[in-house]
Amino acid sequence: MLWITRFSAFFSAAMAVIILSPSLQSFPPAAAIRSSHPDRSLISSFRKSPAFRNAEECLSSAADSNVCNPSLVHVAITLDVVYLRGSIAAVNSILQHSLCPENVFFHFIVSETNLESLVRSTFQELKFKVYYFAPETVRGLISSSVRQALEQPLNYARNYLAELLEDCVNRVIYLDSDLIVVDDIAKLWKTGLGPRIIGAPEYCHANFTKYFTGGFWSEERFSGTFRGRSPCYFNTGVMVIDLKRWRRGGYTRRIEKWMEIQRTERIYELGSLPPFLLVFAGHVAPIPHRWNQHGLGGDNVRGSCRDLHPGPVSLLHWSGSGKPWLRLDSKRPCPLDALWTPYDLYRHSH
């Protein structure tokens, strides 16, 4: 892949961006977004995205923006106050690396009702729709976690994509907001799932037992759910989901049942991930690791910046507590944050 062969040169150039950039300003206050109408200063805080057009070999479906168009690639991403800058950069990266960017349809899941105009002003010809996810849907199911950020209701919106999206959408790529895609998203879209409901990169070397409490493993009524399975850890920030099979199998309710058990039995500590592991681990269609170079959200202040895993790269994911835009604004970036910078459309960051 051309991008991979030029990785070293790109990294060096990106490092120069960090070294030479002028002082960076913080992201606008949440109040600007939570107001009943989008703040003009917020909208103007983002530059317009570079132009994107389909290549000649793309199917001639660019003019058809109907969500049920069978030739579209469907991508779901959440939009919220804290991660808005990351979400915008993620979308920009997808468009810039897609052979057929006009064939990508974005499904934005929000708990704020006034972000559509911001998206439309930043990506003027983007195919997208905004879906409101009511926090009350899961507020009674969420239990305390090791990090307060993991308790936000929007983190659980991925559980409800089958209900939120139109019935004609049979497959979707779900992506977290703290990543960039540096390959053609259509390659991920075409991943074969076989009989599985979801596909994701698996990490079978990880200590799977740590994702659940000792009480979980000591009680057969809980740990027995993995009997006959070979469960591996997978990161739910990058998934290909067969929504047709999901709806048919009632998988939203299966996840909710484990969340209800967690409220009384305390069987895990990590927010929205363990219910997915309980339902799907051992039944995941494996996707190459290049599609989730995760764990880049180390903390430079504590000296825990991460390196890339060995192998080719199609997606970089700043999972963890450290986010590149925050570290850049604080002038404490990790080296790999330079790879995120070219996709940042926040106006005052350049």
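Reference entry: report on the structure contained in this document. (Residues numbered from 1 in each chain as written. Predicted model: local features only at pLDDT ≥ 70, side-chain atom pairs only at ≥ 80, totals over all residues. Heavy atoms only, no water.)

## Notes on the packing of aromatic side chains
For step 1, the next point in the chain: Following the criterion strictly, the structure yields 24 aromatic pairs and no others.
For step 2, the next point in the chain: An angle of 70° between the planes, with centres 6.5 Å apart, marks the rings of Phe208 and Trp217 as edge-to-face.
For step 3, the next point in the chain: Assessed through its relative accessible area of 8%, Phe208 is described here as buried.
For step 4, the next point in the chain: An aromatic cluster is present here, built from Tyr203, Phe208, Tyr211, Phe212, Phe216, Trp217, Phe222, Phe226 and Tyr233 joined pairwise through their rings.
For step 5, the next point in the chain: When the ring centre of Trp189 is taken as reference, the NZ or CZ atom of Arg171 above it lies at 5.9 Å.
For step 6, the next point in the chain: Cation over ring: Arg254 sits above Tyr251, and NZ or CZ is 4.1 Å from the ring centre. (Phe/Tyr/Trp six-rings, centres within 6.5 Å; stacked < 30°, edge-to-face > 60°. Buried < 20%, exposed > 50% of the residue type's maximum accessible area, 1.4 Å probe, protein only. Lys NZ or Arg CZ within 6 Å of the ring centre and 35° of its normal.)

## Some remarks on helix α14 (residues 273–280)
For step 1, the next point in the chain: Across the 8 residues of α14, 8 count as buried, placing the element largely inside the fold.
For step 2, the next point in the chain: Leu273, Pro274, Pro275, Phe276, Leu277, Leu278, Val279 and Phe280 are the residues of α14 that are buried.
For step 3, the next point in the chain: On its buried side, α14 packs onto β6 (198–200), α10 (214–218), β8 (233–234), β9 (238–242), α12 (243–249) and α13 (251–265).
For step 4, the next point in the chain: A positive backbone phi angle near 95° is found at Gly282, which sits one or two residues after α14. (Helix = DSSP H or I, 4+ residues; strand = E, 2+ residues; numbered from the N terminus. Contact = heavy atoms within 4.5 Å.)

## Digging into the pattern of salt bridges
For step 1, the next point in the chain: The final tally for this structure, using the stated rule, is 17 salt bridges.
For step 2, the next point in the chain: Where Arg221 meets Glu219, a salt bridge forms, and the shortest distance between an N and an O atom there is 2.6 Å.
For step 3, the next point in the chain: The class of Arg221 is exposed, set by a relative accessible area of 51%.
For step 4, the next point in the chain: A salt bridge links Glu265 to Arg221; the shortest N-O distance between them is 3.4 Å. (Salt bridge = Lys/Arg side-chain N within 4 Å of Asp/Glu carboxyl O.)

## Examining the nonpolar core
For step 1, the next point in the chain: In this structure, Leu161, Ile198, Phe212, Phe234, Ile241, Trp246 and Phe280 are the most contacted members of the largest nonpolar core, which totals 50 residues.
For step 2, the next point in the chain: Counting residues per element, this core draws most heavily on α14, at 6 residues.
For step 3, the next point in the chain: Val91, Leu179, Leu193 and Trp291 belong to the second-largest nonpolar core, a separate cluster that totals 40 residues. (Core = buried A, V, L, I, M, F, W, Y, C linked by side-chain atoms within 4.5 Å.)

## Digging into the environment of Thr78
For step 1, the next point in the chain: Mapped onto the elements, Thr78 comes out in strand β1 (residues 73–79).
For step 2, the next point in the chain: Considering only alpha carbons, one finds Thr78 and His107, 29 residues apart in sequence, at a separation of 8.2 Å.
For step 3, the next point in the chain: Aside from chain neighbours lying at most four places away, what touches Thr78 is Ser87, Ile109, Leu154, Ala157, Tyr174 and Ser177.

## Remarks on the packing of α13 against α14
For step 1, the next point in the chain: The N-to-C vectors of α13 and α14 enclose an angle of 120°; their axes lie 9 Å apart at closest approach. Here α13 is positioned oblique relative to α14, judged by the angle of their axes. For α13 against α14, the interelement crossing comes out right-handed. Contacts between α13 and α14 involve Tyr251, Arg254, Ile255, Trp258 and Met259 from the former and Pro275, Phe276, Leu278, Val279 and Phe280 from the latter.
For step 2, the next point in the chain: The residue makeup of the contact of α13 with α14, split by class, is 9 nonpolar, no polar and 1 charged. (Axes fitted to C-alpha atoms, helices over the stretch in contact; angles between N-to-C directions. Parallel < 35°, antiparallel > 145°, perpendicular 65-115°, else oblique. Left-handed = near helix turned anticlockwise from the far one by under 90°. Nonpolar A, V, L, I, M, F, W, Y, C, P; charged D, E, K, R; others polar.)

## Some points on the sheet that holds strand β2 (residues 104–110)
For step 1, the next point in the chain: Read across the sheet, 7 strands follow the order β3-β2-β1-β4-β9-β6-β10 without closing on themselves; strand pairing throughout is mixed. Two strands lie at the open edges of the sheet, namely β3 (127–132) and β10 (285–286), each paired on one side alone.
For step 2, the next point in the chain: Across 2 bridges, β1 lies against strand β4 (residues 171–175) in parallel orientation. Looking at the pairing, Ala76 lines up with Tyr174 of β4.
For step 3, the next point in the chain: The strands that helix α5 (residues 84–97) touches are β1, β2 and β4; relative to β1, the one it contacts most, it runs at about 165°. (Pairing = 2+ DSSP bridges.)

## Focus on the pairing of β3
For step 1, the next point in the chain: As paired strands, β2 and β3 are joined by 6 bridges and run parallel to one another. Opposite His107, over in β3, you have Lys129 as the bridge partner.
For step 2, the next point in the chain: A crossover connection joins β2 to the parallel β3 through helix α6 (residues 116–122); in handedness this β-α-β unit is right-handed. (Right-handed = clockwise from strand over helix to strand, strands pointing away.)

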